Amino acid sequence: MTNENKKDINRRDFIKVLGAGAATTAALYGCEPQKKTGGNTALGEVPIDKMTYRISSATGDIVSLLGYGCMRWPLKEKPDADGNVIDQDAVNQLVDYSIAHGVNYFDTSPVYVQGFSERATGIALKRHPRDKVFIATKMSNFHNPTRENSLAMYHQSFKELQTDYIDYYLLHSVGGGKGIKTLKERYFDNGMIDFLLQEREAGRIRNLGWSFHGDVKVYDYMLSLDIKWDFVQIQHNYVDWKHASGNNINAEYLYGELAKRNIQAVIMEPLLGGRLSNLNDHLVARLKQREPESSVASWAFRFAGSPEGVLTVLSGMTYMEHLQDNIRTYSPLKPLTDEEKDFLEDTAQIMLKYPTIPCNDCQYCMPCPYGIDIPAVLLHYNRCVNEGNVPKDRQDENYRKARQAFLVGYDRRVPKLRQASHCIGCNQCIPLCPQGIDVTKELHRIDQFVEQLKQETL
Ligand code: SF4
Ligand code: SF4
């Protein structure tokens, strides 16, 4: 597809859907009658025709503000003979529902869901007209950046996704590893960047960008290059806006640098790995007092989607009720007022007083060669912190109950062989964590805490 053709097609689609005089943000109103969507009716109807869309400044694509992150597809109990664990029927159902309700952006990677996400996403999307959806995938060559492997990964994505063009192609996790050295090894020394630019020229990649995790020097370096980036994917939520933890830099800076250059942002981690939907009771009450009918997660999605330079906000939705809730939030988006932004900033500051570990369940540290389920251990700990179940003082009247909740929940959420006690401290996971968590230290601390709880006789 030539650039001219692309422009024509985009212009046609644009006029077809929006009509003349559309603004950069538009809620599209179809003429299909309202359908009953069923399920979750207590929270209200799920609109089919009110999704907010943003228009790509690079190609004119009309992109739904809610993007589907395909890294958490539902799993079945037993894998297939080839090891595929994804429940394809459930994926098809989620994809069909999301498209029927206006979602059109699907983001996957060759490494998601043990390497099976692209295939499952491709099967589900193949059942819909190709020109009604935007497919995003990535060059995830962290473990083997040779040219040969990178090319094979690129071509395999087309095969798995059953397509002859990729709408949004990303250099995956730029900024990780050893900063610029790793960046050069993965994309520059092997000539992949030149190859990808040629692919964009040839139309097989329609938009070229990268996702950022980690070293801000790499971020600044990428933006200083004489390359036209069509979009950049960044982590952005109401905690990271001003208080990014670990190696991460504040989202306010990341977004601001893109805005200066008129590069649109694709947003990941709007819920900070689920932490902004699993707030402690005090914070839930705070949000519910303001808007009793709105979900806790909807505040985070409104924050992520409010800046005009955001093209789409990705959410890895495993469950139908999460998909429905997010569709409601963006159908249409009610942008945050300045006063609501201040309210969320205060909420973030209260949240940061709780000593949780900044794990966002990104899984980049996995698999641990010794079988530890690192994020499951850390997230269990965080959940207990938020629920007041990390007992410290034996004199506390809740001690017994909290101890029980911590230990029983631990065994329920993390199989024994995958618990922190089996960590041998090899430290292989530490450089892989974009949040800069000293995973070994945290696991050992949690393990000691568990042992102490177990040994205490009440
Ligand atoms: S330090 Fe522990 S958790 Fe990390 S890779 Fe080694 S054994 Fe696994
Ligand atoms: S420990 Fe770090 S790399 Fe592992 S899941 Fe959590 S945030 Fe991601």
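For the structure, check the block above.
Per-chain numbering applies: the sequence of each chain, read as written, is numbered from 1 onward. Each chain takes a letter, starting from A, and each ligand takes a number, starting from 1, following the order in which they are written. In view of the model being predicted, local features appear only for residues whose pLDDT reaches at least 70, and side-chain atom pairs are presented and counted only at 80 or more, with totals across whole chains, interfaces and linings using the full set of residues. To obtain the side-chain values, all non-hydrogen atoms of the structure were included, while hydrogens and water were left out.

Observations regarding unusual backbone geometry
- Of the consecutive residues serine 331 and proline 332, the connecting peptide bond is found in the cis state with omega at -5°.
- Omega for the bond connecting methionine 366 with proline 367 falls within 30 degrees of zero, at -5°, which places this linkage in the cis form.
- Segments assigned H or I by DSSP are reported as helices when at least four residues long, segments assigned E as strands when at least two residues long, and all are numbered from the N terminus. Note on placement: proline 367 falls in the loop between α13 (338-351) and α14 (374-386).
- For asparagine 262, which is not glycine, the phi dihedral falls at a positive 55°.
- Of note, asparagine 262 is situated in the loop between α9 (251-260) and β10 (264-268).

Description of the nonpolar core
- Put simply, a nonpolar core is a bunch of buried Ala, Val, Leu, Ile, Met, Phe, Trp, Tyr and Cys residues held in one set by side-chain atoms that sit within 4.5 Å of each other. When a residue's accessible area, from a 1.4 Å probe over protein chains only, is under 20% of the maximum for its type it is buried; when over 50% it is exposed; and in between it is partly exposed. Counting 90 residues, the largest nonpolar core has Trp73, Trp210, Trp229 and Tyr238 as its most contacted members.
- Considering each element in turn, this core owes the most residues, 7 residues, to helix α11 (residues 296-305).
- Among residues more than four places away in sequence, those in contact with tryptophan 229 are Leu171, Ile193, Leu208, Gly209, Trp210, Met222 and Ile263. Contacts between residues were defined by any pair of non-hydrogen atoms, one from each residue, lying within 4.5 Å.

Looking at the site of ligand 1
- Definition of nearness: a residue and a molecule or strand are near each other if at least one heavy atom of the residue lies within 4 Å of the molecule or strand. With respect to spatial proximity, 13 residues lie near ligand 1, and among them Cys368, Cys423, Cys426, Asn427 and Cys429 are the closest.
- Here the shell around ligand 1 is composed, by residue class, of 10 nonpolar, 3 polar and no charged. Any residue that is not Ala, Val, Leu, Ile, Met, Phe, Trp, Tyr, Cys, Pro, Asp, Glu, Lys or Arg is counted as polar, Gly included; the first ten are nonpolar and the last four charged.

Here's the deal with the pattern of salt bridges
- By salt bridge we mean one thing: a side-chain nitrogen of Lys or Arg within 4 Å of a carboxyl oxygen of Asp or Glu. Using the criterion set out here, one finds 26 salt bridges in the structure.
- Salt-bridge contacts for lysine 334 lead to glutamate 291; the nearest nitrogen and oxygen are separated by 3.3 Å. Here glutamate 291 lies in the loop between α10 (281-290) and α11 and lysine 334 lies in the loop between α12 (320-329) and α13, a separation of 43 residues in the sequence.
- Judged by relative accessible area, lysine 334 falls into the partly exposed class, the value being 46%.
- Judged by relative accessible area, glutamate 291 falls into the buried class, the value being 17%.
- Within the structure, one salt-bridge network assembled from shared partners comprises Asp61, Arg130, Asp167 and Arg206.

Section: the environment of aspartate 447
- The topology assignment puts aspartate 447 in helix α16 (residues 439-455).
- For aspartate 447, a relative accessible area of 18% puts it in the buried group.
- Separated by 27 residues in sequence, aspartate 447 and alanine 420 have C-alpha atoms that sit 5.5 Å apart.
- In contact with aspartate 447, not counting residues within four places along its chain, are Ala420 and Ser421.

What about α9?
- Here α9 has its buried residues at Ala251, Leu254, Tyr255, Glu257 and Leu258. Down the axis of α9, the buried set is contained in an arc of 160°. They therefore lie on one face.
- At its buried positions, α9 is contacted by β8 (205-212), α7 (216-224), β9 (231-235), α8 (240-243), β10 and β11 (310-315).
- The first or second residue beyond α9 is asparagine 262, which carries a positive phi of 55°. As used here, the arc is the angular range of directions from the helix axis to the C-beta atoms.

Things to note about the environment of histidine 143
- Within the element layout of this structure, histidine 143 appears in the loop between β6 (134-139) and α4 (147-161).
- Along the primary structure histidine 143 and arginine 186 are separated by 43 residues, whereas in three dimensions their C-alpha atoms are 9.3 Å apart.

Structural notes on the pairing of β10
- Burial analysis of β10 places 5 of its 5 residues in the buried class, the great majority of the element.
- Side chains Gln264, Val266 and Met268 project from β10 onto one buried face, and the interleaved Ala265 and Ile267 project onto a second face that is buried too.
- The sheet contact formed by β9 and β10 spans 5 bridges and is parallel. When the sheet's bridge partners are listed, isoleucine 234 is paired in β10 with isoleucine 267.
- Looking at chain direction, β10 and β11 are connected through 3 bridges and run parallel. The pairing criterion is simple: DSSP has to find at least two bridges between the two strands.

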